[in-house]
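Given next are the chains, with one letter for each unit.
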Amino acid sequence: MEVNDREKLLGEGPINSLMIKFAVPSIIAMLVSAIYNIVDQIFIGQYVGTLGNAATNISFPLAMACTSIGLLFGIGGAANFNLHLGRKEYDKAPYFIGNAVVMLGILGTLLFLVTEIFLHPILVLFGSPADVLPYAATYVRVTAIGFPFLILTTGGGNIMRADSSPKMAMIVSMTGAILNVILDAFFVIVLRWGMFGAALATVIGQVVSGLMFLNYMRHFKTRPLLKKHLKPSLPIVLQTASLGTASCVNQIAMMIMQIILNNSLKHYGLLSVYGESIPIACAGIVTKVNQIFFAIVIGLAQGSQPIESFNYGAGNYRRVKKTYRVTIIAAFVVSLVAWILFQTIPQQLLGLFGQGSEEYYEFGTRFFRIFLFFTWANCIQPATSQFFASVGKPLRGMFISLTRQIIFLIPLILILPLFSGIDGILFAGPVADIMAAVVAVIMVRIEFSDMSKKEKNRAIIKG
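The notes below deal with the structure included here. Computed from a predicted model, the values in this text were never measured in an experiment.

## A few points about the overall build of the protein
Counting secondary structure elements, the protein contains 19 helices and zero strands. Taking 2.2 N^0.38 as the reference for a compact globule, 463 residues should give roughly 23 Å; the C-alpha atoms of the protein span a radius of gyration of 22 Å, in line with that estimate. Principal-axis analysis of the C-alpha atoms places the extent of the protein at approximately 70 × 45 × 35 Å. Summarising the internal contacts of the protein: among those between residues at least 6 apart in sequence, 83% fall at separations of at least 24. With an accessible surface of roughly 17600 Å², the protein has 69% of that area assigned to carbon and sulfur atoms. For the protein, the distance from the average position of its 34 positive side-chain charges to the average position of its 21 negative side-chain charges is 11 Å.

## A short note on the side chain of Asp184
Here Asp184 shows up in helix 8 (residues 166–190). No salt bridge is formed by the buried Asp184; the nearest opposite charge belongs to Lys288, separated by 11 Å. When near neighbours in sequence (up to four residues on either side) are disregarded, Asp184 contacts Val39, Asp40, Phe43, Ile189, Gly197, Ala198 and Ala201.

## What about unusual backbone geometry?
Positioned with a positive phi, Ser164 is a non-glycine residue whose angle comes to about 60 degrees. By secondary structure assignment, the location of Ser164 is in the loop between helix 7 (147–162) and helix 8. Phi is positive for Arg192, close to 55 degrees, though the residue is something other than glycine.

## Some details on the packing of aromatic side chains
One pass over the full model with this rule turns up 18 aromatic pairs. Seen in terms of ring centroids, Phe293 and Phe342 are 5.5 Å apart; in terms of plane orientation they differ by 85 degrees. Their pairing is edge-to-face. In this pair, Phe293 sits in helix 12 (residues 277–313) while Phe342 sits in helix 13 (residues 317–344), placing the two residues 49 residues apart along the sequence. Neither residue differs from the other here; Phe293 and Phe342 are each classed as buried. When the centroid spacing of 6.0 Å and the interplanar angle of 75 degrees are considered together, the rings of Phe387 and Phe448 count as edge-to-face. Of the two residues, Phe387 is situated in helix 16 (residues 380–390) and Phe448 in helix 19 (residues 422–462); the sequence distance between them amounts to 61 residues. The pair Phe387 / Phe448 is uniform in exposure class, with both members buried. A cation over a ring is seen here: Lys21 above Phe22, with NZ or CZ 5.7 Å from the ring centre.

## Things to note about helix 12
Taking 1.5 Å of rise per residue, 37 residues should cover 54 Å, and helix 12 covers 50 Å from first to last C-alpha, within 8% of that figure. At Gln305, helix 12 shows its maximal kink, close to 35 degrees; a proline, Pro306, follows between one and four residues later. Taken across its 37 residues, helix 12 has 35 buried, putting it largely inside the fold. Positive backbone phi, approximately 80 degrees, marks Gly315, located one or two places after helix 12.

## Some thoughts on the packing of helix 8 against helix 9 (residues 194–217)
Interaxial distance between helix 8 and helix 9 falls to 8 Å at its minimum, and their mutual angle equals 160 degrees. Viewed along their axes, helix 8 and helix 9 adopt a mutual orientation that is roughly antiparallel. You can see that helix 8 and helix 9 cross each other, and the crossing is right-handed. Residue composition of the contact of helix 8 with helix 9, grouped by class: 15 nonpolar, nine polar and one charged.

## Brief notes about the nonpolar core
Of all hydrophobic cores here, the largest spans 105 residues; its most connected members are Ile159, Leu265, Val289 and Phe367. Ignoring sequence-local partners within four residues, the contact set of Ile159 consists of Gly74, Ile97, Ala100, Val101, Leu104, Phe213, Met217 and Phe220. Within the second largest apolar cluster, 33 residues are counted, among which are Leu18, Ile400, Ala437 and Val444.

## A word on the packing of helix 6 (residues 133–143) against helix 9
Interhelical geometry of helix 6 versus helix 9 gives an angle of 20 degrees and a closest axis separation of 8 Å. What the angle tells us is that helix 6 and helix 9 run roughly parallel. Helix 9 is crossed by helix 6, and the crossing has right-handed handedness. Along its contact with helix 6, which presents Tyr135, Thr138, Tyr139, Val142 and Thr143, the element helix 9 presents Met195, Phe196, Ala198, Ala199, Leu200, Thr202, Val203 and Gln206. Residue composition of the contact of helix 6 with helix 9, by class: nine nonpolar, four polar and no charged.

## As for a nonpolar patch on the surface
Together, Tyr47, Phe186, Ile189, Val190, Leu191, Trp193 and Phe196 line one region of the surface with nonpolar side chains, adding up to about 630 Å² of accessible area. Considering each element in turn, the nonpolar patch owes the most residues, three residues, to helix 8. Considering the arrangement of structural elements, one finds Tyr47 in helix 2 (residues 15–47).

## A short note on the pattern of salt bridges
One pass over the full model with this rule turns up nine salt bridges. A salt bridge links Arg396 to Glu447, with the shortest nitrogen-to-oxygen separation between them at 2.7 Å. Residue Arg396 is found in helix 17 (residues 394–415), and its partner Glu447 is found in helix 19; the two are separated by 51 residues along the sequence. The exposure class of Arg396 is partly exposed, given its relative accessible area of 37%. Several salt bridges share partner residues, and in doing so they unite Lys393, Arg396, Glu447, Asp450 and Lys454 into one network.

About the cut-offs
- Residues numbered from 1 in each chain as written.
- Predicted model: local features only at pLDDT ≥ 70, side-chain atom pairs only at ≥ 80, totals over all residues.
- Heavy atoms only, no water.
- Helix = DSSP H or I, 4+ residues; strand = E, 2+ residues; numbered from the N terminus.
- Rg over C-alpha atoms; globule rule 2.2 N^0.38 Å.
- Contact = heavy atoms within 4.5 Å.
- Areas by Shrake-Rupley, 256 points an atom, 1.4 Å probe, with all protein chains shown as cover.
- Lys, Arg positive; Asp, Glu negative; His and termini not counted.
- Charge placed at Lys NZ, Arg CZ, Asp CG, Glu CD.
- Buried < 20%, exposed > 50% of the residue type's maximum accessible area, 1.4 Å probe, protein only.
- Salt bridge = Lys/Arg side-chain N within 4 Å of Asp/Glu carboxyl O.
- Phe/Tyr/Trp six-rings, centres within 6.5 Å; stacked < 30°, edge-to-face > 60°.
- Lys NZ or Arg CZ within 6 Å of the ring centre and 35° of its normal.
- Expected span 1.5 Å × (residues − 1).
- Bend = angle between axes of the 7 residues up to and from the residue.
- Axes fitted to C-alpha atoms, helices over the stretch in contact; angles between N-to-C directions.
- Parallel < 35°, antiparallel > 145°, perpendicular 65-115°, else oblique.
- Left-handed = near helix turned anticlockwise from the far one by under 90°.
- Nonpolar A, V, L, I, M, F, W, Y, C, P; charged D, E, K, R; others polar.
- Core = buried A, V, L, I, M, F, W, Y, C linked by side-chain atoms within 4.5 Å.
- Patch = residues over 30% accessible without salt bridge, like charges linked within 9 Å, V, L, I, M, F, W, Y side chains within 5 Å.

Right under this line is the structure:
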């Protein structure tokens, strides 16, 4: 697509149609990322058991770390690229894409090395009980090999969408996911390789997707991507990271929360009838099922990014506000459906991941219904965080990213169990969700008011 055609599309095209064009492939890409984790857990739950489920939950913060790095430079590179195109700074825009790709590769390799060297201390830090540790170590030792490719694919989806190739982003992600499912069935069911087989299937899918993205970058469409654009530049890297910080921090916050949650469940589970492993296994299942619906919300928010960034850069504030409203409405509908499912069929959802004891089903059902009680409002915080990043205000986006996980949820997880044991952990979730939603609404209303003032000033100047 030529630059002028792209500008006309983003600046004048119907918002609803643009959201479908950009958000649907983004949603599929995010769902694929969630599927990478949940498919393994289904096969492991069915053919390894509760300890295997607990092991995948222990390793989950590392997957979040990969996503955080991918979003840091994927969203940051895409947002800067679109903002500079909106300002007609065509020569500068490709540097943000080139530097983003290089940083994704470097940081992915570093995370792989750190994980392999410090594997056991990391898993213990993440809250692994002694009987779960061998399963988690087997799984992570293999999946770490795929970290660089997973990070490239996660960040690459945003970069390809910025290049007006949302379908290609979808194809890249889906190819790896489908391959993962097929190989999971073969390695785990046919060859009975257990944790190792599930991990190997995941890595192969990630490598294939990562290589497909790198091949795409050889034919970047909007502006030619040259070798000079790949040379790391500190100002470019810092500016790129600044606009990806909000989404990155949101994932890091989720990672930190998951680590604290695992350790709290281990401690208070030991003091309850459930023991150490059951709460951790159930929490992992609930988190990953919720991640499927949360992936749709994040996909909607990411799909809105090219539209919001370009129009904010061009001063079309009405289109920016309309895009945000469309995103929130769609995200709310998805979140409401998720809430209904979590409240009505929690035991059936748990059953997808294998059989367990009476205590297993009791705790898992209560975790679904209580911890995710305000899921219907949880869409506001991530969508608003992405909105501020898209309009070039990363500090506000980062603050909103911190509200639910760091500012509200972690203190509640640490404080409430002191008075009500493991039940306090369950009630921390809904309280944090509603508080984070209220903060996000207040901040976006202030931003909308500021945009309205800018619109009036532009009208006065033109008049």
